[in-house]
Amino acid sequence: MGPELLDQHVQTLRSRANRYRKIGALLGESTAAAKLAELASELDGAIETLGRARKTIGATVESSHELWAALNLKALTPLKTHNASGASNDGQTAADWRSLSKLWIEEAESCRDHPDKELLAARAFEIAQLAERLATDAGAS
């Protein structure tokens, strides 16, 4: 759940807590009114917790965006020199790069309306192309 969606949930919870208080006030001194006041207080606590979580999530999303924006295929390919078997000097194969590409695609799909979506999708495509080149090179030898 991204920060924007969390903001929507927080707003919904605030509205609910306010409704509970208003309903309780209309019910006067009753057991139901007391229970609604208790629930509203619990929601207030949850809202505070979500606010702290939102700050953490927002900072993490921003950090990941900076990372994705800074990464390029050259930074991801310590395999510039690979042998004929398709394995790099550090043992990565075309299958490893295919797996990396799939994980990258999952990350892109999880970003939905985030600016990282297209960037991650482009990186996933580049990695997939590299994996296929490695597989082709390995098959040609």
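Predicted model, so just to flag it, every value in this text is computed and none were measured. (Residues numbered from 1 in each chain as written. Predicted model: local features only at pLDDT ≥ 70, side-chain atom pairs only at ≥ 80, totals over all residues. Heavy atoms only, no water.)

> Can you lay out the overall build of the protein for me, pointing to particular residues and giving the numbers?
If you tally the helices and strands in the protein, you get five helices and zero strands. Starting at the N terminus, the α and β elements of the protein follow one another as α-α-α-α-α. In the protein, buried positions account for 24% of the 141 residues. When contacts within the protein are restricted to residue pairs at least 6 apart in sequence, long-range pairs at least 24 apart make up 61% of them. Carbon and sulfur atoms provide 57% of the accessible area of the protein, an area that totals close to 9,200 Å². (Helix = DSSP H or I, 4+ residues; strand = E, 2+ residues; numbered from the N terminus. Buried < 20%, exposed > 50% of the residue type's maximum accessible area, 1.4 Å probe, protein only. Contact = heavy atoms within 4.5 Å. Areas by Shrake-Rupley, 256 points an atom, 1.4 Å probe, with all protein chains shown as cover.)

> Could you give an account of the pattern of salt bridges, with specific residues and numbers?
Under the criterion given, the structure shown has four salt bridges. Two residues, Asp7 and Arg54, come together in a salt bridge whose shortest N-O distance is 2.8 Å. With Asp7 in helix 1 (residues 3-27) and Arg54 in helix 2 (residues 31-70), the pair connects residues that are 47 residues apart, well separated along the chain. (Salt bridge = Lys/Arg side-chain N within 4 Å of Asp/Glu carboxyl O.)

> Break down the nonpolar core for me, with residues and values.
Core analysis: the largest hydrophobic core is formed by 12 residues, namely Trp68, Ala94, Trp97, Trp104, Ala108, Cys111, Leu120, Ala124, Ile127, Leu130, Ala131 and Leu134. Those elements that place two or more of their residues in this core are helix 4 (94-110) and helix 5 (116-140). Counting six residues, the second largest nonpolar core, distinct from the first, contains Val10, Ala17, Ala40 and Leu43. (Core = buried A, V, L, I, M, F, W, Y, C linked by side-chain atoms within 4.5 Å.)

> Explain helix 2 to me, using residue names and the numbers behind them.
For helix 2, with 40 residues, the first-to-last C-alpha span of 58 Å sits near the 58 Å given by 1.5 Å per residue. Buried within helix 2 are the following residues: Ala33, Leu36, Ala40, Leu43, Ile47, Gly58 and Trp68. (Expected span 1.5 Å × (residues − 1).)

> Before we move on, can you summarise helix 1 with the specific residues and values?
The end-to-end C-alpha distance of helix 1, which contains 25 residues, comes to 36 Å, matching closely the 36 Å that a straight helix rising 1.5 Å per residue would cover. Of the surrounding secondary structure, the elements contacted by the buried residues of helix 1 are helix 2.

> Any chance you could break down the side chain of Ser101 for me, citing the residues and the numbers?
Along the chain, Ser101 falls in helix 4. For Ser101, a relative accessible area of 4% gives the class buried. If near-sequence neighbours (up to four positions away) are discounted, Ser101 is found in contact with Ala124, Ile127 and Ala128.

> Lay out the confidence of the model for the protein with the relevant residues and their values.
The predicted model of the protein averages 79 in pLDDT, with 79% of residues at 70 or higher. Here helix 3 (residues 73-76) stands out as the least confident element of the protein, with mean pLDDT 62; helix 1 is the most confident, with 91. Here residues 79-89 is a poorly scored stretch, pLDDT under 50, and it has 23 contacts once near neighbours within four places are set aside; other chains count. (pLDDT = per-residue confidence, 0-100.)

> Can you lay out the packing of helix 1 against helix 2 for me, pointing to particular residues and giving the numbers?
Helix-helix packing is described using two parameters, namely the angle between the two axes and the distance between the axes. Contact pair helix 1 / helix 2: the axes reach a minimum separation of 9 Å and the direction vectors enclose 165°. In terms of orientation, helix 1 and helix 2 fall into the roughly antiparallel class. With respect to the hand of their crossing, helix 1 and helix 2 are arranged in left-handed fashion. Taken together, the residues of the contact of helix 1 with helix 2 sort by class into 19 nonpolar, three polar and six charged. (Axes fitted to C-alpha atoms, helices over the stretch in contact; angles between N-to-C directions. Parallel < 35°, antiparallel > 145°, perpendicular 65-115°, else oblique. Left-handed = near helix turned anticlockwise from the far one by under 90°. Nonpolar A, V, L, I, M, F, W, Y, C, P; charged D, E, K, R; others polar.)

> Please give an account of the environment of Ala59 that cites residues and values.
Counting through the fold element by element, Ala59 comes out in helix 2. Between the alpha carbons of Ala59 and Pro3 there is a distance of 9.4 Å; along the sequence they are 56 residues apart.

> A description of the environment of Leu5 should follow, citing residues and the corresponding values.
Along the chain, Leu5 turns up in helix 1. Under the relative-accessibility criterion, Leu5 is labelled partly exposed at 40%. In the structure, Leu5 is positioned 49 residues away from Arg54 in sequence and 9.7 Å away in space, judged by C-alpha atoms.

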